[in-house]
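Okay, here's what each chain looks like letter by letter:
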2 protein chains.
Amino acid sequence: MSNTEHTSLGPGAEFDRIRQALARLGPNAVGAGDDCAFVEVGAERLALSCDLTIEGTHFRAGWLAPVELGWRATAAALSDLAAVAARPLGVLTSVAVPAEWPEEHFADLMEGVGEAARSAGAVVWGGDLVRADRVVVDVLVAGRLDGEPVRRSGAQAGDELWVTGVLGGPFRAVAAWNAGTEPDETARARFTHPVPRVREALWLKDRGARAMIDVSDGLVADAGHLAAASGVGVVIDPDRVPLHPAVEVVDEALASGEEYELLLALPPGAGAAAAQAFRAAFDLPLTQVGVVEQGAGVQLRRRSGPVNLPPLFGHFR
Amino acid sequence: MSNTEHTSLGPGAEFDRIRQALARLGPNAVGAGDDCAFVEVGAERLALSCDLTIEGTHFRAGWLAPVELGWRATAAALSDLAAVAARPLGVLTSVAVPAEWPEEHFADLMEGVGEAARSAGAVVWGGDLVRADRVVVDVLVAGRLDGEPVRRSGAQAGDELWVTGVLGGPFRAVAAWNAGTEPDETARARFTHPVPRVREALWLKDRGARAMIDVSDGLVADAGHLAAASGVGVVIDPDRVPLHPAVEVVDEALASGEEYELLLALPPGAGAAAAQAFRAAFDLPLTQVGVVEQGAGVQLRRRSGPVNLPPLFGHFR
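Note that the structure is predicted; figures quoted are calculated from it, not measured.

Cut-offs used in this document
Residues numbered from 1 in each chain as written. Chains lettered and ligands numbered in written order. Predicted model: local features only at pLDDT ≥ 70, side-chain atom pairs only at ≥ 80, totals over all residues. Heavy atoms only, no water. Domains from an automatic or database assignment. Contact = heavy atoms within 4.5 Å. Buried area = accessible area lost by both parts, 1.4 Å probe. Salt bridge = Lys/Arg side-chain N within 4 Å of Asp/Glu carboxyl O. Polar contact = N/O pair within 3.5 Å; in protein donor to acceptor, adjacent residues only side chain to side chain. Helix = DSSP H or I, 4+ residues; strand = E, 2+ residues; numbered from the N terminus. Nonpolar A, V, L, I, M, F, W, Y, C, P; charged D, E, K, R; others polar. Phe/Tyr/Trp six-rings, centres within 6.5 Å; stacked < 30°, edge-to-face > 60°. Buried < 20%, exposed > 50% of the residue type's maximum accessible area, 1.4 Å probe, protein only. Pairing = 2+ DSSP bridges. Axes fitted to C-alpha atoms, helices over the stretch in contact; angles between N-to-C directions. Expected span 1.5 Å × (residues − 1). Arc of directions from axis to C-beta.

A.B. asks: In this structure, what is going on with the domain arrangement of chain A? I would like to understand it.
C.D. replies: As a measure of interface size, the accessible area lost when the parts come together is often cited. Residue and element names in this part refer to chain A. On domain assignment, one finds that chain A holds domain 1 (32-144) and domain 2 (152-307). Here the C-alpha centre of domain 2 lies 23 Å away from the C-alpha centre of domain 1. With 24 residues of domain 1 at the contact, the number on the domain 2 side is 23 residues. For the pairing of domain 1 and domain 2, the buried interface totals around 2,100 Å² over both sides, and the portion due to carbon and sulfur atoms is 56%. Of all residues in domain 1, Trp63, Trp71 and Arg72 give up the largest surface area on contact with domain 2, accounting jointly for 29% of the area buried on that side. Counting across the interface, domain 1 meets domain 2 through 2 salt bridges. The interface formed by domain 1 and domain 2 contains 8 residue pairs in polar contact (both at pLDDT 80 or more). Put simply, the parts of the chain that give the side of domain 1 that touches domain 2 at least two residues each are helix 2 (66-83) and strand 3 (87-97). No other element matches the 10 residues that helix 2 contributes to the side of domain 1 that touches domain 2. Its residues assigned to classes, the side of domain 1 that touches domain 2 comprises 13 nonpolar, 4 polar and 7 charged.

A.B. asks: Is there a simple way to think about the packing of aromatic side chains in this case?
C.D. replies: Any two aromatic rings considered together are summarised by their centre-to-centre distance and by the angle between their planes. All told, the structure shown has 12 aromatic pairs over all chains when counted by the stated rule. Ring centres of Phe278 of chain A and Phe282 of chain A lie 5.0 Å apart, and the angle between their planes is 50°; on these two criteria the pair is classed as tilted. Of the two residues, Phe278 of chain A and Phe282 of chain A both sit in helix 9 (residues 271-282), 4 residues apart, roughly one turn of that helix. Under the relative-accessibility criterion, Phe282 of chain A is labelled partly exposed at 23%. Each ring, one from Trp63 of chain B and one from Trp177 of chain B, has its centre 4.8 Å from the other, and the planes form 10°; the classification is stacked. On the criterion of sequence distance, the pair formed by Trp63 of chain B in the loop between strand 2 (44-54) and helix 2 (66-83) and Trp177 of chain B in helix 4 (residues 169-178) is long-range, its members being 114 residues apart. Residue classification places Trp177 of chain B among the buried positions, given a relative accessible area of 11%.

A.B. asks: Just to check I follow, could you spell out the sheet that holds strand 4 (residues 123-131) of chain A for this structure?
C.D. replies: Consider a sheet: its strands pair through backbone hydrogen bonds, and that pairing is either parallel or antiparallel. Residues and elements named next belong to chain A. Across the sheet, 5 strands lie side by side as 1-2-5-3-4; this open sheet has mixed pairing. Of all strands in the sheet, those bounded by a partner on one side alone are strand 1 (37-41) and strand 4. Neighbour to neighbour, the strand axes of the sheet diverge by 20° on average, direction disregarded. Pairing geometry for strand 2 (residues 44-54) and strand 5 (residues 136-144), over 9 bridges, is antiparallel. By the bridge assignment, Thr53 is partnered in strand 5 with Val137. The strands that helix 3 (residues 103-119) touches are strand 3, strand 4 and strand 5; relative to strand 3, the one it contacts most, it runs at about 165°.

A.B. asks: I'm lost on helix 9 (residues 271-282) of chain B in this one. Help?
C.D. replies: Side chains that are three or four residues apart share a direction in an α-helix, a result of its 3.6 residues per turn. Residue and element names in this part refer to chain B. Its 12 residues place the ends of helix 9 15 Å apart at the C-alpha level, agreeing with the 16 Å of an ideal helix rising 1.5 Å per residue. Looking at helix 9, one finds that the buried residues are Gly271, Ala274, Ala275 and Phe278. Looking down the long axis of helix 9, one finds its buried residues gathered within 105° of arc, a one-sided arrangement. Away from its buried face by more than 90 degrees, helix 9 exposes Ala272, Ala273, Gln276 and Ala280. Residues of helix 9 that are buried make contact with strand 6 (160-164), helix 6 (198-206), strand 9 (262-266) and strand 10 (286-293). Backbone geometry just downstream of helix 9 places Asp283 in the positive-phi region, at approximately 55°.

A.B. asks: How should I be thinking about the pairing of strand 7 (residues 211-214) of chain A in this particular structure?
C.D. replies: In the case of a regular strand, side chains alternate between the two sheet surfaces. Residue and element names in this part refer to chain A. The alternating pattern of strand 7 places Ala211 and Ile213 on one face and Met212 and Asp214 on the opposite face, and all of these are buried. As defined by bridge partners, strand 7 adjoins strand 9 (residues 262-266) across 4 bridges and the pair is classed as antiparallel. Looking at strand 9, one finds that Ala211 is bridged to Ala265.

A.B. asks: In this structure, what is going on with the sheet that holds strand 7 of chain A? I would like to understand it.
C.D. replies: All names here are of chain A. Read from one edge of the open sheet, 7 strands run 7-9-6-10-8-11-12, paired in mixed fashion. If you trace the sheet from one side to the other, it starts and ends with strand 7 and strand 12 (305-307), each paired once. In this sheet, neighbouring strand axes are inclined to one another by 30° on average, regardless of whether the strands run parallel or antiparallel. Where strand 6 (residues 160-164) meets strand 10 (residues 286-293), 5 bridges bridge the pair, whose relative direction is antiparallel. Bridge pairing links Trp162 to Gln288 in strand 10.

Here is the structure:
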């Protein structure tokens, strides 16, 4: 989800728009500037987020089977809960489908929603269904926080920057589709069946993760959000970024969005032991990609020296 | 919101689709078949709902200023909380806007969201913003329940069927736009600035409302949902339906959706005194439109005898 704290967003026109809008709401808008909103309900604290998926913006007809669309939209929303280390409780879905969709497509879509929810320990609470001339899926997720969430704003100069999994698969899948070819199967699966890192996030919180964000806009863009929220600079070494096997050049992995991996800051020295145990626990790499420094923004720096930021990619660009 | 209980939905292809989809989710789908999902959080009980508004389905370009769109989408979702007599806490919004929208349009839209939320005692928790080629607004609302919600399923044979406000304004507004003319100003306001009956609902619950639903699909259609959920039949007298002044024939008021008035069942004899006090408290009519009987479905019956159901109207039909 986007944010409601004016100081904690990275650069970009979309974020300027949200800032402008929420500034006008004044005290009627609350929120913590994180992947989720945090809401006290009695003695409990909930994390809430919503994630909107629209045909033509996030995918094109033919890229995703309905069951994959349901999974993917739900996984994207659940990933926001992972980013703050909340335990998923349930989901609500608002769905628009074209009138010409076969009956079973909607049921397939909801089956994907249900599978993704179940995989994260959540249930489907209900939703809204309307007709439109393109497919829209909005997924609202609610999770329970045990104690404090992990925020974007906790990174400190000297911390190490780590990322789960490997990056670049979704970029390669979209690039193949846009070129009129079929993607590599494993790259395609990273786009169609992303895995929200819910259990991984709880584990990483226990190991001292000080700041966290999910990689939805791309590694460099999301590192920028984390840096802005924490009031620090972030340095990423492109040579250390863990690449999906289908990646051809590292820029693809730096820009690839909708990865739903976790980017996090760990205290100095905490990561090396954590990485081994993490791999053993989850069969997934945990890789240091950079460091947190005083300053602002994101720099790319190889051991041989600074490099220019690649152009950032939005949806389909 | 639509429903997750298979037995409590009225007729119609949309509802068949939801039934089919949720049947396949099995025990992974929960819900009470009401306007909201009910979720226990610690000692609290929340009502949650989401409501999706899409350009081309719910409105066309030029019908609504952005601030009106934000209000309307939020009011529609808040009305689901009213329907179960929940106290609104907050809203999340997922918004898609075209790239060519002026910057201030999105801020205006969010101002409308904020105004509607504030009018109902709720705050804006945050949201998601993406670009698309048409406007999409999904609003998630959460409210707190004091004790039991008022459900759709509580109507009993012998109850009286009452409705708040006057009906038909939104129908007339859409009809005027579809005819290429400007609507009557008060009819237009019923479409652009619907008022969720949040306080009215709490009041009606205290006066013994046994079953309630908001009029979003149209009086006859929503009476059908209530009848199906309660396992009863409903009889509506068209001559008793309170008409918006712009209404030309009563069928318009029977079919007019997106009214966001409340349709409710009161125990026999409870309504007459309630109606006077209701009008004094809210400056709004509360009108008996029919009765609840044994049986199933909705019948229209004048004192002079039965009449045929008018064709039901979906969006723009």
